[in-house]
Each structure stands twice: as structure tokens, then as C-alpha cells.
Amino acid sequence: MEATSTESKEFNWDHLYVPTEKDFDSNLLLQAPVVEGFQRGSKELGIPTANLDMNVLGDAGSYLETGIYFGWAKLKGKHFECVVSVGWNPFYKNEKKTIEAHLLEKMDDFYGEQLDVLLCGYLRQECNFNGLEELISCINNDILKTRQHNAKNERSDNDAFFWNVITPASSI
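Residues numbered from 1 in each chain as written. Predicted model: local features only at pLDDT ≥ 70, side-chain atom pairs only at ≥ 80, totals over all residues. Heavy atoms only, no water.

(A) Expanded view of the overall build of the chain. Each helix and strand counted, the chain has six helices and seven strands in total. Mapped from its N terminus to its C terminus, the chain presents α and β elements in the order α-β-α-β-α-α-β-β-β-β-α-α-β. By residue count, 48% of the 172 residues in the chain fall in the buried class. Across the chain, every contact between residues at least 6 apart in sequence was considered, and the portion connecting residues at least 24 apart equals 76%. Carbon and sulfur atoms provide 48% of the accessible area of the chain, an area that totals close to 9200 Å². (Helix = DSSP H or I, 4+ residues; strand = E, 2+ residues; numbered from the N terminus. Buried < 20%, exposed > 50% of the residue type's maximum accessible area, 1.4 Å probe, protein only. Contact = heavy atoms within 4.5 Å. Areas by Shrake-Rupley, 256 points an atom, 1.4 Å probe, with all protein chains shown as cover.)

(B) Structural detail: the layout of surface pockets. Here the largest pocket is characterised by a volume of approximately 820 Å³. What lines the largest pocket is a set of 41 residues, among which Gly41, Ile47, Pro48, Thr49 and Glu100 lie closest to the centre. Of all the secondary structure elements, the ones that give two or more residues to the lining of the largest pocket are helix H2 (40-45), strand S2 (50-52), strand S4 (78-87), strand S5 (98-103) and helix H5 (132-152). A class-by-class count of the residues in the lining of the largest pocket yields 23 nonpolar, nine polar and nine charged. (1 Å grid on protein atoms, 1.4 Å probe; cavity = no way out; pocket = protein on both sides within 12 Å on 5 of 7 lines; lining within 4 Å. Points joined across faces, edges and corners; volume = space filled by probe spheres on them. Nonpolar A, V, L, I, M, F, W, Y, C, P; charged D, E, K, R; others polar.)

(C) Summary view of the nonpolar core. The biggest cluster of nonpolar side chains holds 23 residues, and the ones touching the most others in it are Val84, Leu103, Leu115 and Val117. Residue assignment for this core shows that the elements contributing at least two residues are strand S1 (22-35), S2, strand S3 (67-75), S4, S5 and strand S6 (114-124). Beyond its immediate chain neighbours, meaning those up to four positions away, Leu103 contacts Ala73, Leu75, Phe80, Glu81, Cys82, Phe110 and Leu115. Formed by 21 residues, the second largest nonpolar core is a distinct cluster that contains Trp13, Ile47, Cys120 and Cys127. (Core = buried A, V, L, I, M, F, W, Y, C linked by side-chain atoms within 4.5 Å.)

(D) Main features of the pattern of salt bridges. Under the counting rule described, the total for this entry stands at four salt bridges. Glu113 is the partner of Lys76 in a salt bridge, and the nearest nitrogen-oxygen pair spans 3.9 Å. Remark: Glu113 occurs in the loop between S5 and S6 and Lys76 occurs in the loop between S3 and S4; sequence separation between them is 37 residues. For Arg124, the salt bridge goes to Asp142, with nearest N and O atoms at 2.8 Å. With Arg124 in strand S6 and Asp142 in helix H5, this pair connects stretches of sequence that are 18 residues apart. We note that Arg124, like Asp142, is buried. (Salt bridge = Lys/Arg side-chain N within 4 Å of Asp/Glu carboxyl O.)

Right, here's the structure in full:
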């Protein structure tokens, strides 16, 4: 789902993606239940996110490089494209690291459900913004870039190879 905002300005975010944007040689799998977050994604941004339980992720969540990733999520046996934010969300000055996946389909809340997130590549570093409009614009660009990367590497729901050829997050 594309985020909504006022369309008053055009922003160019290309400088954020060079030279960090890259596909991974081996996908990275994160598995944890979805927990309640700060409630900003849906309410303030119009971009709902699923926060992974950092306690369950343990070292895998702690050591994962901060930034914005692209990939796929598996929820209740179905696959969804996703953009994943890892870090402290500088715009909001979070005091604890979070891993939040935005599934690119509209759906109801799924707190407590197991979510498997397959990170297939890295888009950009975390950064701060001058306002909500800039943040939403950049997230929309992250969504566009995710769709572009995933289209190059599209997988079916039954593609076991895609979900089995991974690096477990616990090995980072």
C-alpha cells in the first residue's frame, strides 16, 4: 500500500541509495512474533508496520546493521513483499532499536502472529528528515525501490528454494 501525504513537493532521494543499495548473495531470515510498537506507522504515517519481537530475535536483531532493507515476509503461509526498517528511527529519536516490516498489502492487525522476514538486500542507511512530508516521501521511494528489486527476483508462494537458501539471522 502506498503511503498517503499531501502532494505539494517533489523530493529526490537518489543520493540516499548510492552506493549502499545492493542485493544480497544469500538472503537473511528473521523469525519472530509481531509485537505492538509505537503506533506511528498506521496512525501518523499511513504506513503500517509489523514490529518483530527483539527479545525473540536476540543477537540477530542486536547485531543487524541499521538501515532500510527490501525483501519478502511470510505470514500465515502467504508471502508478501516488504520494506524493513532496522534501527532507531532518527526522525522519532527512538531510544531502543527496532525491526519493523511494512508489508506491501493492506491487511488487518496480526499482533502475536509469527512473521518470517526474508531480507534480500539493503537499500540505504537510516537518516533524519526535516518533517513528516519528507519522511513519507522517502518511505514511498523505499517502497518503489523494493518493488523494483523484488520484480527482478520474483518468487512464487511455492518456491521452496527461495525460502531454504538463506543465512539464518542467528549466524550474524
